[in-house]
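Each chain is listed here by its residues.
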Amino acid sequence: MRRIAARTPPSEHARLRASGGTYEEMSGVAAVRQALYDEQGGICAYCEQLLSLPEAETGPGRKGRHKTKIEHFHPRHSKTSEDDACLRESGEAQLQHADTAWSNMLLCCHGGLDGANVESHCDTRKDGADICARFRNPKTTSVQRLATVEPDGRLVAASGMPHGAQDVIDGVLGLNNRGLVRGRHEFVRALRRRIAQKKQTHGPRWPTHRNGVADKLELEAQASRQEFPSVLLAAADRLRR
Ligand SMILES: [Zn+2]
Ligand SMILES: [Zn+2]
């Protein structure tokens, strides 16, 4: 899981905030959802799976049936109020307005809603849980990598994350369910095959410039519409060791 570099919100967002618009009004504005999508490179803020394009979900007859969900890092109906951690993580000075704060809104996948046998994850599983004291908001934190991927596909909290972050990953966000671990593991194996092919072409001592290859993997991870970028980042880290 990576930090999300916040962009300037669309004018529709600013206008609704200024006129005291509700979150319900805001969530129906296509430009808001599209801007969140673009900001995150088209991947879920938590599990890093590819999201459907917002405009493909809002046609006639499909109103309200978004495959993407707008997640509030500090939850809309949190029982915690004016807590230091909530103020810090939401990025909003008045928590009663955190439901429309750009810094507090993330775009997430459907979280397993569609599949009968899929374990729930991301926003769907998190529901109203307040994780402000135990995790970091990817959009307000200065931590570049919140979690990293093990070679077996498991997601582990990065060093520097708060105590309890692993419990959030496993229990609250469900990011180590079988389907997600399998997906990441397949990505790790595909990456290994690519590297093995390079070795066949260039000789067993490839790569001679490990940092160059690691840099390339990082660039690839930064490219938008790239699923599971944390797999590439973890591979780059391992190459540099
Ligand atoms: Zn997700
Ligand atoms: Zn909170």
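Calculation rules
Residues numbered from 1 in each chain as written. Chains lettered and ligands numbered in written order. Predicted model: local features only at pLDDT ≥ 70, side-chain atom pairs only at ≥ 80, totals over all residues. Helix = DSSP H or I, 4+ residues; strand = E, 2+ residues; numbered from the N terminus. Rg over C-alpha atoms; globule rule 2.2 N^0.38 Å. Buried ≥ 20, exposed ≤ 12 C-beta atoms within 10 Å, placed from the backbone. Contact = placed C-beta atoms within 7 Å. Expected span 1.5 Å × (residues − 1). Axes fitted to C-alpha atoms, helices over the stretch in contact; angles between N-to-C directions. Parallel < 35°, antiparallel > 145°, perpendicular 65-115°, else oblique. Left-handed = near helix turned anticlockwise from the far one by under 90°. Nonpolar A, V, L, I, M, F, W, Y, C, P; charged D, E, K, R; others polar.

**Here we look at the overall build of the chain**
A tally of regular secondary structure across the chain gives 9 helices and 4 strands. The helix and strand sequence of the chain, counted from the amino end, reads α-α-α-β-α-β-α-β-β-α-α-α-α. The C-alpha atoms of the chain give 19 Å as radius of gyration, which agrees with the globular expectation for 241 residues (18 Å, within 12%). Its C-alpha atoms give the chain principal-axis dimensions of about 65 × 45 × 35 Å. Relative to its 241 residues, the chain shows a buried fraction of 35%. Considering only intrachain contacts with a sequence separation of at least 6, the fraction spanning at least 24 residues in the chain is 62%.

**What about helix 7 (residues 178-202)?**
With 25 residues, helix 7 extends 36 Å from end C-alpha to end C-alpha; this agrees with the ideal 36 Å at 1.5 Å per step. Buried residues of helix 7: Leu180, Arg184, Phe187 and Val188, and no others. Structurally, helix 7 contributes buried residues whose contacts are with strand 3 (147-149) and helix 9 (229-240).

**Describing the environment of isoleucine 195**
Turning to its location among the elements, isoleucine 195 is positioned in helix 7. Residues isoleucine 195 and tryptophan 206, 11 residues apart in the sequence, show an inter-C-alpha distance of 8.8 Å.

**Details of the packing of helix 8 (residues 210-222) against helix 9**
In contact at an axis separation of 8 Å, helix 8 and helix 9 are set at 165 degrees when each is read in the N-to-C sense. In terms of their interaxial angle, helix 8 and helix 9 are classed as roughly antiparallel. The interaxial crossing formed by helix 8 with helix 9 has left-handed handedness. Of the residues in helix 9, those in contact with Arg210, Asn211, Val213, Ala214, Leu217, Glu218, Glu220 and Ala221 of helix 8 are Pro229, Leu232, Leu233, Ala235, Ala236, Leu239 and Arg240. Of the residues contributing to the contact of helix 8 with helix 9, the split by class is 10 nonpolar, 1 polar and 4 charged.

**Thoughts on unusual backbone geometry**
Among all residues save glycine, negative phi is the norm, and among peptide bonds the norm is trans. In this chain, tryptophan 206 is followed by proline 207 through a cis amide linkage whose omega measures 0 degrees. For proline 207, the position within the fold is in the loop between helix 7 and helix 8. If you check the backbone angles, glutamate 48 has positive phi at about 65 degrees while not being a glycine. By secondary structure assignment, the location of glutamate 48 is in the loop between helix 3 (30-39) and strand 1 (69-72). Even without glycine at this site, phenylalanine 228 takes up a positive phi of about 50 degrees. Its place among the elements puts phenylalanine 228 in the loop between helix 8 and helix 9.

**Some details on the environment of leucine 146**
The residue leucine 146 is located in the loop between helix 5 (122-126) and strand 3 in this model. Separated by 14 residues in the primary sequence, leucine 146 and glycine 160 place their C-alpha atoms 8.4 Å from one another.

**Digging into the environment of leucine 106**
Position of leucine 106 among the secondary structure elements: in strand 2 (residues 105-108). A residue is classified by how many C-beta atoms lie within 10 Å of it, and leucine 106, with 22 of them, is buried. Sequence separation between leucine 106 and alanine 129 is 23 residues; the distance between their C-alpha atoms is 15 Å.

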